[in-house]
Amino acid sequence: QVQLVESGGGLVQAGGSLRLSCAASGSRFRINDMGWYRQAPVKERELVASITSGTSTNYADSVKGRFTISRDNARNTVYLQMNSLRPEDTAVYYCNADVTVGFPPIKTTYWGQGIQVTVSS
């Protein structure tokens, strides 16, 4: 079993910055791709950014140039640096990880519990 725990959310004014962190814990696992998703009220969950085990990245058009995803494999942690925040970035942000776990190894997707990011105008 693997747990993902997010931190770093909160309330910020438009134009400000926040850094989200997501740490994975458990036993006998290897993290493959990781990502951040978000879900605003009455909207579907959407991909914000993803990063492969080889550190290739992908971003939603709406956050390109403002957000940066990175990972620390030694700490099993993924980060999302969010700059120039806008009110439309307000949402619950979820960490996601594709994990190979256990023996025999099984590939499974895990989600964090979600963390609120609110950007005031």
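This structure is a prediction, so every number in the text was calculated from the model and none was measured. (Residues numbered from 1 in each chain as written. Predicted model: local features only at pLDDT ≥ 70, side-chain atom pairs only at ≥ 80, totals over all residues. Heavy atoms only, no water.)

Trainee: Please clarify how the packing of aromatic side chains should be interpreted in this entry.
Mentor: Both the distance between ring centres and the angle between the ring planes are used here to describe each pair of aromatic rings. All told, the structure shown has one aromatic pair when counted by the stated rule. Between Tyr37 and Trp111, the aromatic rings sit 5.0 Å apart at their centres with planes inclined by 65 degrees, giving edge-to-face as the arrangement. Placement of the pair is Tyr37 in strand S4 (residues 29-39) and Trp111 in strand S10 (residues 106-111), with a sequence separation of 74 residues. One cation-aromatic arrangement involves Arg45 over Trp111; the distance from NZ or CZ to the ring centre is 4.7 Å. (Phe/Tyr/Trp six-rings, centres within 6.5 Å; stacked < 30°, edge-to-face > 60°. Helix = DSSP H or I, 4+ residues; strand = E, 2+ residues; numbered from the N terminus. Lys NZ or Arg CZ within 6 Å of the ring centre and 35° of its normal.)

Trainee: What am I meant to see in the sheet that holds strand S7 (residues 67-72) here?
Mentor: Sheet strands pair via backbone hydrogen bonds, and the direction of the pair is either parallel or antiparallel. With respect to topology, four strands assemble into an open sheet ordered S1-S3-S8-S7, the strand pairing being antiparallel. The sheet is open, and its two edges are formed by strand S1 (2-7) and S7, each paired on a single side. Strand-to-strand twist in this sheet, taken as the mean axis angle between neighbours without regard to direction, amounts to 15 degrees. In this sheet, strand S8 (residues 77-82) lies alongside S7 in antiparallel orientation, the contact comprising six bridges. Of the residues in S8, the one forming a bridge with Phe67 is Met82. (Pairing = 2+ DSSP bridges. Axes fitted to C-alpha atoms, helices over the stretch in contact; angles between N-to-C directions.)

Trainee: What is the right way to look at the side chain of Arg66 in this model?
Mentor: Looking at the element boundaries, Arg66 is found in the loop between strand S6 (57-59) and S7. Separated by 2.8 Å, the side chain of Arg66 and the backbone oxygen of Ser62 make a polar contact. A distance of 2.8 Å separates polar atoms of two side chains, one belonging to Arg66 and the other to Asp89. (Polar contact = N/O pair within 3.5 Å; in protein donor to acceptor, adjacent residues only side chain to side chain.)

Trainee: I'm lost on the state of the cysteines in this one. Help?
Mentor: Chemically, a disulfide is nothing more than a covalent bond linking the sulfur atoms of two cysteines. All chains considered together, the criterion is met by one disulfide. Paired through a disulfide, Cys22 and Cys95 show a sulfur-sulfur distance of 2.1 Å. Torsion about the S-S bond of the Cys22 and Cys95 cystine: about -80 degrees, corresponding to left-handed handedness. On the criterion of sequence distance, the pair formed by Cys22 in strand S3 (residues 18-26) and Cys95 in strand S9 (residues 91-101) is long-range, its members being 73 residues apart. Judged by relative accessible area, Cys22 falls into the buried class, the value being 0%. Taking relative accessible area as the criterion, Cys95 reaches 0% and is therefore assigned buried. (Disulfide = S-S within 2.5 Å. Buried < 20%, exposed > 50% of the residue type's maximum accessible area, 1.4 Å probe, protein only.)

Trainee: I'm lost on the pairing of S10 in this one. Help?
Mentor: Consecutive side chains along a regular strand alternate between the two faces of the sheet. Judged from the six bridges that link them, S9 and S10 form a sheet pairing that is antiparallel. Across the sheet, residue Val101 finds its bridge partner in S10, namely Ile106. Connecting S9 to the antiparallel partner S10 that follows it, the hairpin turn spans four residues, and Gly102 within it adopts a positive phi of roughly 80 degrees.

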